[in-house]
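Now for the letters of each chain:
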Amino acid sequence: MLRSLARGKTGALSAEVLVRHALKVTEGADFPVRRAAMEALLRRVRSSRDGDLCVVRGPAGRSSIGVYRIRRNGSRAEYSALVRSADPPAGSCDCPDYGRSSLGLCKHLFAALEHAAERGGKRRQASLPAASSGPRLEWNPVRPLTGVGDWLDRVEWRDGDGSGLRSVAAAAAKRWFSDAGPALKDAFRERPARRLEIVRDLLRLARADGRRLGPVTDPALVPLLDREKEHLERVLAADWVGRELRSSLKGMKHRLYPYQVEGVERFLRAGRLLLADDMGLGKTAQAVASCHVLFAAGKVTRGLLIVPATLKPQWLREWRMFSDAPVAIVEGGPEARAEIYRQCKRGFLLANYEQVLRDLPLMHQLRPDIVVLDEAQRIKNWATKTSAYVKQLQPGYRLVLTGTPMENRLDELASITDWVDDLALEPKWRLAACHSTFADGKREVTGARNLNTLRERLSHCMVRRLRKEVLRQLPPRTDTRVPVPLTAEQQDEHDDLNRPIAALAQRARVRPLTHAEFLRLMTLLTTQRIICNGLAQLRFEAIWPSLSAARQPTEALLGSLFSPKLVELRELLGNIAVAQERKVVVFSQWRRMLKLASWSVSDVLAGSGVRSVFFTGEEGQKRRTQNLVDFHDDPSVRVLFATDAGGVGLNLQRAASCCVNLELPWNPAVLEQRVGRVYRMGQSRPVEVYHLVSESGIEARIAGLVGDKRALFTGLFDGASDEVAFERSGSFLSRIERVLAPVRVPELPEKDAEEDAPEEDQAELGDALPPAGPIPADPAPVTASGGVAEDLSAKGMRELFSRIQVRPGADGKVIFEAPPEAATTLAALFEGMARMLSDVSTRTTPAPTAR
């Protein structure tokens, strides 16, 4: 089969010779690996014959055996290719491919053999002599199929013609090798100082009298030894870490958890690391801490953080939360960005991947001492420009962050690892063949194998901790804001509503809004929130029949929904419910969004035998009860999709330890009610809460207010407290204006024709729309369910106060009791009165003097 694959494609070598070579370098492997080796060799034959390589110098005389100097046309870089034998083909080359490929041949050696064949004539030599005038070093380029496969273990000592040790360099090198054979006694993988001694001695010998040693020392060894020397010197130079790490970390604003400190130390000692911790374990915090320590210790002056564009604000927030080290965002047009790079003499810059394509020369001029890549799956594909450009950055310190180091294929993992250690997973042609299980020997992959080998080879350059491994160290509750971009289509529809919203807000400055105007304003704001969830929710009735009929979500179908939140949710649930095998509650105000969410993750869950259930207003009582029983008792039911009907009265702490909010509610009290279903008494595990926030829409501004505890509408009573708490949060209009995008509108007349509300399913908006009734000058806040409180007419006020009970407590305190809807209305009343009194006081009363 390999002969038929190679026939007519092997150049100067016969197919038989090349097939024998392929079998030799894959000894002990099965057919998929041997076929992959044959294909890899043929690719190098094609590359050698494309006419782009030229032999600058060959062996003396008509011999085909010896050293060839080869370069690419138009390039000054030359490689030394030593041909030891033509049949079977054997040699060595100092090009990177020879050192990595485990094939024992490269395109330069093929070009040398092709050149020798073209010269013709009778060869004086079939191979190099078995002995030479002195000792020499040889290297077996074929990495073992399993195990660590340390390249230094494959260096061998040859005594040559037996004339003994002829130099100090030879004597120093000889002492590391066994007397019984050519191999090293020990490569000292765990003792870098000792290993560095070996490397230095071998380098001295390899570079000794070139005329004497000449072609008998493998050309491949010098670049490998140089590289290892640089790496070991960097590792040994990190002895300062043990002395200064703890003191530098004390200068941070927040303490790290022990496993995070361990991750920082691993990076600082290695200098290059793939940090692939499980989602939610604080990779960003570890990256910020690493930069902080290096900066504080004077080991780096400038750093570059490359992150997805939507994550730049989040990175800036987390950076300032942990460190005082200077940081700035790269933004603006070309000139503005160039100025930012020029001005950065000390500190760190936050750039996004798209800017790498435009600003790479400026990034080179910055000369960053450290580069951090976040969400590094962006460079998982060698063929992309982003991957190629990013990998041109070559700082001393390199930190790569990803919670999903391998999403689909092993070559994706290899591409990400490449920038940290480009030898760790070599040879890449062997990855899929050696670590995949095939159906009936065909190309259909049915599983993975030899995973211990992958773990061993990544252990020195990758750190991955699972949540269950550090459970005891985790905080009781962690809230994570997950930024989600809007598509262009979403952004257009969202921004089209800014002008009518701004017009209504401007009108409210002149006079109180009519009931219809207020309804219109609330509808527009709610529509913007729905658009942030996705156009699929906005146009649910039109698209749902075709979606529900589809067997499973495809990439094309998901893209057509213009709802990046659904894609983000797939990744979240793939990590939490599938990989971590945890139970999670997914909240949304809208049933339609939950239906879309359930559909979008159906294949992710079903592929691992995981099920989901609903708790909304649509299910009957028996079905809701059964769903809750299944969520608690059935290990396969790991996802509960719930509306805010599930935010009150449910106790899920013994089932779930994670909560995902597909959108933030207006009212932070509702948010706490949601989280409180999981994070409450009886919860024995750390709880994680993820908030999906569309960064360039109304949601981001709402999130800012909620995060600062100055939300649009707040509840009056804390259900667990016997005290009344008031929140100083300004007027309704001022709060509305804080979530509006800045839009300039022309002056409007006092009266204008009322605009009809956009066509919208009122049931879909649900309680987001207020009921009919008089609208006060400062409209009532939205209730916990999203609607506004009841009217404040005289009759309504009497009804309101009839439901409020005031009684003395056992400890002498006064206890107020009221239903939630009465509480929110009372809050509006008190707030309005407080505002009016404050306005009057400001206009008529001098500031009181202190007593």
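Structure: see above.
Residues numbered from 1 in each chain as written. Predicted model: local features only at pLDDT ≥ 70, side-chain atom pairs only at ≥ 80, totals over all residues. Heavy atoms only, no water.

## Some thoughts on the sheet that holds strand E21 (residues 687-694)
Across the sheet, six strands lie side by side as E16-E21-E20-E17-E19-E18; this open sheet has parallel pairing. Two strands lie at the open edges of the sheet, namely strand E16 (477-484) and strand E18 (611-615), each paired on one side alone. Sheet twist, expressed as the average angle between the axes of neighbouring strands with direction ignored, equals 20°. Strand direction decides the pairing type here: strand E17 (residues 584-587) and strand E20 (residues 658-661), joined by four bridges, are parallel. In the strand pairing of E20, valine 584 is matched with cysteine 658. (Pairing = 2+ DSSP bridges. Helix = DSSP H or I, 4+ residues; strand = E, 2+ residues; numbered from the N terminus. Axes fitted to C-alpha atoms, helices over the stretch in contact; angles between N-to-C directions.)

## Some points on the nonpolar core
By size, the foremost hydrophobic cluster in this structure holds 64 residues, and its most contacted members are Leu18, Leu152, Val155 and Leu202. Examining the composition of this core, we find that eight residues originate from one element, helix H3 (residues 31-48), more than from any other. Contact partners of leucine 152, with chain neighbours within four places excluded, come to Leu184, Ala187, Arg195, Ile198, Val199 and Leu202. Core analysis: the second largest hydrophobic core is formed by 50 residues, Phe518, Leu538, Met593 and Ile698 among them. (Core = buried A, V, L, I, M, F, W, Y, C linked by side-chain atoms within 4.5 Å. Buried < 20%, exposed > 50% of the residue type's maximum accessible area, 1.4 Å probe, protein only. Contact = heavy atoms within 4.5 Å.)

## Here's the deal with the pattern of salt bridges
The tally for this structure, following the rule as stated, stands at 50 salt bridges. Of the charged contacts in the structure, one is a salt bridge between arginine 69 and glutamate 78, with a shortest N-O distance of 3.2 Å. Given a relative accessible area of 26%, glutamate 78 falls into the partly exposed group. Residues arginine 84 and aspartate 218 are paired through a salt bridge, measuring 2.2 Å at the closest nitrogen-oxygen approach. Placement of arginine 84 in strand E3 (residues 78-86) and of aspartate 218 in the loop between helix H8 (210-213) and helix H9 (221-236) is noted, with a sequence separation of 134 residues between them. An identical accessibility class is assigned to arginine 84 and aspartate 218; each is buried. Overlapping salt bridges bring together Asp150, Arg189, Glu190, Arg195 and Glu228 as one network. (Salt bridge = Lys/Arg side-chain N within 4 Å of Asp/Glu carboxyl O.)

## What about the side chain of aspartate 278?
You can see aspartate 278 is positioned in the loop between strand E7 (272-275) and helix H12 (283-296). One buried charged residue, aspartate 278, remains without a salt bridge, the closest side chain of opposite sign being arginine 464 at 4.1 Å. Among the polar contacts listed, one links the side chain of aspartate 278 to the backbone nitrogen of arginine 467, at a separation of 3.3 Å. Those residues in contact with aspartate 278, other than ones at most four positions away along the chain, are Lys283, Arg464, Arg465, Leu466, Arg467, Asn575 and Gln580. (Lys, Arg positive; Asp, Glu negative; His and termini not counted. Polar contact = N/O pair within 3.5 Å; in protein donor to acceptor, adjacent residues only side chain to side chain.)

## Comments concerning helix H21 (residues 498-510)
With 13 residues, H21 should cover 18 Å at 1.5 Å per step; its first-to-last C-alpha distance of 19 Å lies within 8% of that length. For H21, the set of buried residues is Asn498, Pro500, Ile501, Ala502, Ala503, Leu504, Ala505, Gln506 and Arg507. (Expected span 1.5 Å × (residues − 1).)

## As for helix H7 (residues 192-206)
The end-to-end C-alpha separation of H7 is 21 Å, in line with the 21 Å expected for 15 residues at 1.5 Å each. Considered for burial, the residues of H7 that qualify are Arg195, Leu196, Ile198, Val199, Asp201, Leu202, Leu203, Leu205 and Ala206.

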